[in-house]
Amino acid sequence: TCPGKCLQTLGVFTHIFTNPNFTLEITGDEIDGIVKVIGYFDIENDGEDPSPFQLTMAHFTRKFFVSLPPGGNYNAKFYLDGKHAWPTFTAVGYEDVAPILLYL
């Protein structure tokens, strides 16, 4: 382990029906520039479009993951087709018990 030095993984989760063109952009005092994160949707379906049954499963989410240096202050914004936008639903999850400070 490397307390206070290891990268911490942040997960931001949106609703299953979130437009796939959403991106998450993160800035902060511990990183240079902007980190752009593309979300993914992980239903196993052999490359086919999700079935109507799969799309009714409300617990599925589109996932955005990023690893960031600990101890920083970060801002996260969603963009849709290059314009600032906000998904209908978001939830945040941290890999560690001591979360980084994130402003959504």
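These numbers were taken from a predicted model, which means no experiment stands behind them. (Residues numbered from 1 in each chain as written. Predicted model: local features only at pLDDT ≥ 70, side-chain atom pairs only at ≥ 80, totals over all residues. Heavy atoms only, no water.)

### Some details on the sheet that holds strand S8 (residues 90-94)
Rules: In this scheme, strands are said to pair when DSSP sees at least two bridges between them. The way it works is that DSSP assigns letters per residue, a run of H or I at least four long becomes a helix, a run of E at least two long becomes a strand, and they are numbered from the N terminus.
With antiparallel pairing, four strands are arranged side by side in an open sheet as S4-S5-S1-S8. Each end of this open sheet is capped by a strand with a single partner; those strands are strand S4 (40-41) and S8. With two bridges connecting them, S4 and strand S5 (residues 61-68) associate as antiparallel partners. Residue pairing across strands places Tyr 40 opposite Lys 63, the latter belonging to S5.

### Here's the deal with the environment of Trp 86
Where we set the bar: Any residue under 20% of the maximum accessible area for its type is buried, any over 50% is exposed, and the rest in between are partly exposed; the area is computed with a 1.4 Å probe on protein chains only.
Relative to the helices and strands, Trp 86 is located in the loop between strand S7 (83-84) and S8. The exposure class of Trp 86 is partly exposed, given its relative accessible area of 44%. Taking the C-alpha atoms as reference points, Trp 86 and Leu 24, 62 residues apart in sequence, are found 10.0 Å from one another.

### Observations concerning the side chain of Thr 14
Rules: Contacts are residue-level and defined by heavy atoms, with any inter-residue pair within 4.5 Å sufficient.
Of note, Thr 14 is situated in strand S1 (residues 8-15). Among the residues examined, Thr 14 registers a relative accessible area of 0% and is labelled buried. If we ignore the near neighbours within four places in the chain, the residues touching Thr 14 are Thr 61, Arg 62, Phe 64, Phe 78, Pro 87, Phe 89 and Thr 90.

### Description of the packing of aromatic side chains
Let me state the cut-off plainly: Here is the rule: rings of Phe, Tyr and Trp (six-membered ring for Trp) pair when centre to centre is within 6.5 Å. Planes less than 30 degrees apart are stacked, more than 60 are edge-to-face, and the remainder are tilted.
Per the counting criterion, the structure on display carries five aromatic pairs. The interplanar angle of 80 degrees and the centroid separation of 5.7 Å between the aromatic rings of Phe 13 and Phe 65 together place this pair among those described as edge-to-face. Residue Phe 13 is found in strand S1, and its partner Phe 65 is found in strand S5; the two are separated by 52 residues along the sequence. Between the aromatic rings of Phe 78 and Trp 86, the centroid separation amounts to 5.4 Å while the plane-to-plane angle is 85 degrees, which identifies the pairing as edge-to-face. By way of ring pairs, the aromatic residues Phe 22, Phe 64, Phe 78 and Trp 86 are connected into one cluster.

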